Amino acid sequence: MATILCAGGAGYIGTHTCIALLQAGHKVIVADDLSNSKKAALDRVQQITGQEIPFYQIDIKNENELSVIFAKHKIDAVIHWAGFKAVGESVEKPLMYYQNNLGCTISLLKVMAEFGAKCFVFSSSATVYDVHNAMPLKEEDVCACTNPYGWTKWMGEQILRDVGKVDAQMSVVLLRYFNPIGAHESGLIGEDPNGIPNNLMPYISQVAVGKREKLSIFGNDYDTPDGTCIRDYIHVTDLAQAHILAVEYLMNGGESNTFNLGNGVGFTVKEVIETARKATGLEIKAQTAPRRAGDPARLIASSEKAKKVLGWKPEHADLEEIISSAWKWHSTHPTGFADGRRDASC
Ligand code: WQD
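Remember, it's a predicted structure, so these values are computed and weren't measured experimentally.

Participant: Before we move on, can you summarise the layout of surface pockets with the specific residues and values?
Facilitator: One number sums up the size of the second largest pocket: a volume of about 360 Å³. As for the second largest pocket, its lining consists of 19 residues, and the residues nearest its centre are His184, Glu185, Thr237, Glu315 and His316. Those elements giving two or more residues to the lining of the second largest pocket turn out to be helix 1 (12-23), helix 8 (236-251) and helix 11 (319-332). Of the residues belonging to the lining of the second largest pocket, the class tally is six nonpolar, eight polar and five charged.

Participant: Which residues make up empty space enclosed by the protein, and what values do they have?
Facilitator: In the structure shown here, the tally under the stated rule is three cavities of 30 Å³ or more. In this structure, the largest cavity encloses a volume near 70 Å³. Along the walls of the largest cavity sit His80, Trp81, Ala82, Gly83, Asn101, Leu102, Thr105, Phe122, Thr152, Lys153 and Gly156, which together make up its complete lining. When its residues are assigned to classes, the lining of the largest cavity shows four nonpolar, six polar and one charged. Looking at the second largest cavity, its volume works out to about 40 Å³. Contributing to the lining of the second largest cavity are Tyr12, Ile181, Gly182, Ala183, Gly190, Glu191, Met201, Pro202, Ala326, Trp329 and His330. Sorting the residues of the lining of the second largest cavity by element identifies helix 7 (200-208) and helix 11 as the ones contributing at least two each. At three residues, the largest contribution of residues to the lining of the second largest cavity is made by helix 11. Among the residues forming the lining of the second largest cavity, the class breakdown is seven nonpolar, three polar and one charged.

Participant: Talk me through the pattern of salt bridges; I want residue IDs and the actual numbers.
Facilitator: Counted according to the given criterion, the structure contains 16 salt bridges. Taking the shortest distance from any N to any O, the salt bridge between arginine 161 and glutamate 157 comes out at 3.1 Å. Taken as a pair, arginine 161 and glutamate 157 lie in helix 6 (residues 148-166) at a separation of four residues, close to a single helical turn. The exposure class of arginine 161 is partly exposed, given its relative accessible area of 27%. The exposure class of glutamate 157 is buried, given its relative accessible area of 0%. A salt bridge links arginine 231 to aspartate 295; the shortest N-O distance between them is 3.9 Å. With arginine 231 in strand 9 (residues 230-231) and aspartate 295 in the loop between strand 13 (286-289) and strand 14 (298-299), the pair connects residues that are 64 residues apart, well separated along the chain. Ionic contacts of the salt-bridge type, sharing partners, join the residues Glu157, Arg161 and Arg176 into one network.

Thresholds, definitions, all that
- Residues numbered from 1 in each chain as written.
- Predicted model: local features only at pLDDT ≥ 70, side-chain atom pairs only at ≥ 80, totals over all residues.
- Heavy atoms only, no water.
- 1 Å grid on protein atoms, 1.4 Å probe; cavity = no way out; pocket = protein on both sides within 12 Å on 5 of 7 lines; lining within 4 Å.
- Points joined across faces, edges and corners; volume = space filled by probe spheres on them.
- Helix = DSSP H or I, 4+ residues; strand = E, 2+ residues; numbered from the N terminus.
- Nonpolar A, V, L, I, M, F, W, Y, C, P; charged D, E, K, R; others polar.
- Salt bridge = Lys/Arg side-chain N within 4 Å of Asp/Glu carboxyl O.
- Buried < 20%, exposed > 50% of the residue type's maximum accessible area, 1.4 Å probe, protein only.

Below you can see the structure in the form of structure tokens.
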């Protein structure tokens, strides 16, 4: 059993991982500034697991505030999700992204060194890969980002690689997510982005619940079977499980490493829309719009390394099943966690 600080743990992937960590017998502490998440989500995690989570609403760039947590709890490992993640916004506000995303990473590393915490799992992204690589992508493939968000992920990785070189005790796992979608089987937590969703699945869900009129399909002239982009969608609970395995791998002396997390299968935007129509039984209006800057035609993972080294076994490969889990959340919580009510059904 380990005590794990989940930095940015109130978010979509963080909350799903907190459930898995608690159910695996670990102790969880969450620090989050709630800039793109809601405390109600953590309350829901506590309802689902029946376990308390010490929560600190802080700016993770603030080393003094972070030190208070490390002084109070003996932290064995850190999982780091704290950062801004909107690709388009990062292009408009690069300094905000570099200062926040790299600042959070550096602050965590400095305080970890002060208190002797030695295991670090980093939420990285497929967006670090050069778009000219052949698919499926492997961890050793060339990296070259097309936007500041992606560069903050790659630079975060580089900072961790460099720290790992000088501190023999510090061990790091870099997890490169492909496209996380879906929701916990209970339907009590799920993706709930602030404002207009940047990502495909939450936007489709908001059209389905009637919050948005129709989806814009960003480009239909890519070199793909139906002209729309292909992505590798991974169920968020499979992603959460990979974090448990990564923490335990490091706690058991595993050496620093990098792992892709995807299903190894690609679906086009139009296939996702059609599957969502089938899963929801709803029309889900969509129109073709111009391409979105920076979108590669294809992103598909090879996750063979995570399966071999971590023993990772994703359980959800059927796209309709994955989308149905997202719909169970969105259809029963059309305003997300907005009202923060305690869900009577659990
Ligand atoms: C998927 C496809 C869009 C919205 C990014 C980050 C990655 C991770 C997930 C954080 C693309 C198309 C989308 C819409 C559309 N971020 N699309 N209409 O860009 O592959 O990955 O989000 O965890 O790190 O890079 O995901 O869902 O934004 O887009 O047509 O309204 O859907 O063009 O082809 P993406 P996405």
